[in-house]
Amino acid sequence: ATAATKRSIESSKVSTSGDVLFFYPMGGNRRMLASWIDLLPTSSRLICVNRPGKGGTSAPPHHNKSDNKTTAAETTLKTALQDIIAVLDYLTIDRVSVLCLCAGSPYAMAFCAQHPERTNGHLMGISTWVEPADCGYENTTFSFYLGTHIPALASPIAGSVSNSVGTSITSLPTSWVNHALWKKLSKEEQQAFDKRQDDGQQETSFMNQMAWIQEETGGETEDVRVLLTDGLIDYHKLDETHKITLWHGSNDSMVPLLSAKWLVEEALPSAVLNVIPDGSHQGLLFGLHDSVIASTKEALGLD
C-alpha cells in the first residue's frame, strides 16, 4: 500500500535478475508466474502485478457516470498502469522487458505506449487479444470466455465439478485435470505435454499451475470493460518505440488468428508475427512450444 494513493497493490517477483514484466490472461493472477518461471532462464526476474480488483489489489476508484471525459474502462486502465509504476518504483527497477498473454495484452500495450521510458523497448505477445471494434471485426464470433477466461482445461472440470461440489481443483484426480487440458491440444502439443509427464515434471508443476486459479480471484468485470473498449491503445506510438514479437496458434479457438494478423498488417507494421501451425490457445499459454520459449528468451534479451 502507498500513502500517496492509499491503495493496496499485490504483486509477485521471482528469481534475481533480467527484469521481465508479466501480464497474465483473464482468469489468471500474479501466481501464474509459477507456470512460466521454469521455462525461462534462472537468471531472469519476473514481476507480475495483480490488476485492479484482483486478489489483494484494491478495486479501481469509483467512476462517476456523469463524467463524460473518461470511461470506467479508462479509469481501470489508468489505475492498473499507476499500480505497475508504483511497484517498479518500490522495487527500484528502472526498465523492464514485457511479456503478455492473451487478455493481458491491452494492459501491456498501453503500458509500453504510455511509459516507454520504463521499458527496454521489447514486447513479446502470446495469443494476443485485440478489441474487436479496434480491428474492425465487430461481427466476428469470438469464443472468448468473457467471465472466466481460464485456459480451457476447464469448464467441465474446474467449472462444473469444482463449483458444484465445492472442491478445490488441486484435490481432483490429476488424470482428470490433465485430460481436460490434453484434449484441447494439437497432436504436437499433446506429445510435449506427455513428455513433461514422462520427465516427472508435469504432475507437480501443472497442478501447481492450476492452483492459482482459485487462490486469488476478482477483477473480471474490470478486465472485461477494458477488453471490450476500443481506442485505449496508441498503436502508432507503440510501434515507434518498441520491437514487438507476436506468437499465435493457427487453431486458436478463443482469440482468432485474424486479430493478430490485423495487428501486424494495420496497427503495428513493424511487429513480427509468428504462427504455430495447428497451435491451440492453451498450448501457447502453457509454454508447450519450444520455438515460442526460445523466441521469448531472445526477444526479451534473456540468457
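All residue numbers refer to position in the chain's written sequence, counted from 1. For this predicted model, a pLDDT threshold of at least 70 governs which residues receive local features, and a threshold of 80 or more governs which side-chain atom pairs are given and counted, while totals over whole chains, interfaces and linings are taken from all residues. Each side-chain value is derived from all of the structure's non-hydrogen atoms; neither hydrogens nor water enter the calculation.

**Focus on the packing of helix H1 (residues 72-90) against helix H2 (residues 105-114)**
Helices that pack against each other are described as a pair by the angle of their axes relative to one another and the distance between those axes. For the pair H1 and H2, interaxial distance at closest approach is 10 Å and the crossing angle is 65°. Taken together, the axis directions place H1 and H2 in an arrangement best described as roughly perpendicular. The interaxial crossing formed by H1 with H2 has right-handed handedness. Where H1 approaches H2, its residues Thr 76, Leu 77, Ala 80, Leu 81, Ile 84, Ile 85 and Leu 88 are matched on the opposing element by Pro 106, Tyr 107, Ala 110, Phe 111 and Gln 114. Fitted lines through C-alpha atoms serve as axes, helices being fitted only where they are in contact, and the angles separating the N-to-C directions of these axes extend from 0 to 180 degrees. Secondary structure counts use DSSP, requiring at least four H or I residues in a row for a helix and at least two E residues in a row for a strand, with both numbered from the N terminus. Roughly parallel means an angle under 35 degrees; roughly antiparallel means over 145; roughly perpendicular covers 65 to 115; every other angle is labelled oblique. Two helices that cross are described as forming a left-handed crossing if the nearer one is turned anticlockwise from the farther one by less than a right angle, and a right-handed crossing if clockwise. Whether two residues are in contact is decided by their heavy atoms, any of which lying within 4.5 Å being enough.

**Brief notes about the pattern of salt bridges**
The term salt bridge refers to a side-chain nitrogen of Lys or Arg lying within 4 Å of a carboxyl oxygen of Asp or Glu. Enumeration over the complete set of coordinates arrives at 7 salt bridges. The shortest N-O distance in the salt bridge between Arg 30 and Glu 216 comes to 2.8 Å. Of this pair, Arg 30 sits in the loop between strand E2 (19-23) and strand E3 (45-49) while Glu 216 is found in the loop between helix H6 (202-215) and helix H7 (220-227), placing the two residues 186 residues apart along the sequence. With a relative accessible area of 11%, Arg 30 lands in the buried category. With a closest N to O distance of 3.0 Å, Asp 223 and Arg 51 form a salt bridge. Here Asp 223 is found in helix H7, whereas its partner Arg 51 is found in the loop between E3 and H1, with 172 residues between them in sequence. Asp 223 gets classed as buried once you look at its relative accessible area, which sits at 4%. Residues joined by salt bridges that share partners form a network here, namely Arg 30, Arg 31 and Glu 216. Note on exposure labels: buried denotes an accessible area under 20% of the residue type's maximum, exposed denotes more than 50%, and partly exposed covers the range between, all computed with a 1.4 Å probe on protein chains only.

**Focus: the pairing of strand E5 (residues 119-126)**
Counting buried residues in E5 gives 6 out of 8 residues, a clear majority hidden from the surface. By convention a crossover is right-handed if, when the strands point away from the viewer, the path from the first strand over the helix to the second runs clockwise. In this region the chain leaves strand E4 (residues 96-101), passes through H2 and returns to the parallel neighbour E5; the handedness of that crossover is right-handed. Two strands are counted as paired when DSSP detects at least two bridges linking them. Bridge count for E5 against strand E6 (residues 243-249) is 5 bridges, and the pairing is parallel. When the bridges of E6 are listed, His 122 appears paired with Lys 243.

**Some remarks on helix H9 (residues 257-267)**
Residues Leu 257, Ser 259, Ala 260, Trp 262, Leu 263, Val 264 and Ala 267 constitute the buried set of H9. Against the buried residues of H9 lie H2, helix H8 (235-241), E6 and strand E7 (272-276).

**Some remarks on the pairing of E6**
With respect to burial, E6 is a largely interior element, 6 of its 7 residues being buried. As defined by bridge partners, E6 adjoins E7 across 5 bridges and the pair is classed as parallel. Note that in E7 the partner of His 248 across the bridge is Val 275. Chirality of the crossover, the property in question, places the unit of E6, H9 and E7 among those that are right-handed.

**Structural notes on the nonpolar core**
Across soluble globular proteins, nonpolar side chains show a tendency to be buried alongside one another. Throughout this description, the term nonpolar core refers to a set of buried Ala, Val, Leu, Ile, Met, Phe, Trp, Tyr and Cys residues connected via side-chain atoms within 4.5 Å. With 41 residues, the main nonpolar core has Phe 23, Phe 111, Leu 123, Tyr 235, Leu 263 and Leu 268 as its most contacted residues. Ranked by the residues each element gives to this core, the list is headed by H1, at 8 residues. Apart from residues lying up to four places away in sequence, Phe 111 is in contact with Leu 21, Phe 23, Leu 81, Ile 84, Ile 85, Leu 88, Val 96, Val 98, Pro 116, Arg 118 and Thr 119. In this structure, Trp 36, Leu 99, Cys 102 and Met 124 belong to the second largest nonpolar core, which totals 30 residues.

**With respect to the environment of Glu 117**
Tracing the chain through its elements places Glu 117 in the loop between H2 and E5. What makes Glu 117 partly exposed here is its relative accessible area of 39%. When the C-alpha atoms of Glu 117 and Arg 95 are compared, they prove to be 7.2 Å apart, with 22 residues separating the residues in sequence. The residues touching Glu 117, leaving out its near neighbours within four places in the chain, are Asp 94 and Arg 95.

**Points about the packing of H1 against H7**
Packing of H1 against H7 brings their axes to within 8 Å, and their N-to-C directions diverge by 110°. Taken together, H1 and H7 sit at an angle that is classed as roughly perpendicular. For the pair H1 and H7, contact is made by Ala 72, Ala 73, Thr 76 and Leu 77 and by Glu 222, Arg 225 and Val 226, respectively. Note on residue classes: Ala, Val, Leu, Ile, Met, Phe, Trp, Tyr, Cys and Pro are nonpolar, Asp, Glu, Lys and Arg are charged, and everything else, Gly too, is polar. The class makeup of the residues in the contact of H1 with H7 is 4 nonpolar, 1 polar and 2 charged.

**Regarding the side chain of Ser 97**
For Ser 97, the position within the fold is in strand E4. Residues contacting Ser 97, with those up to four places away along its chain left out, are Asp 19, Val 20, Leu 21, Asn 120, His 122 and Leu 300.

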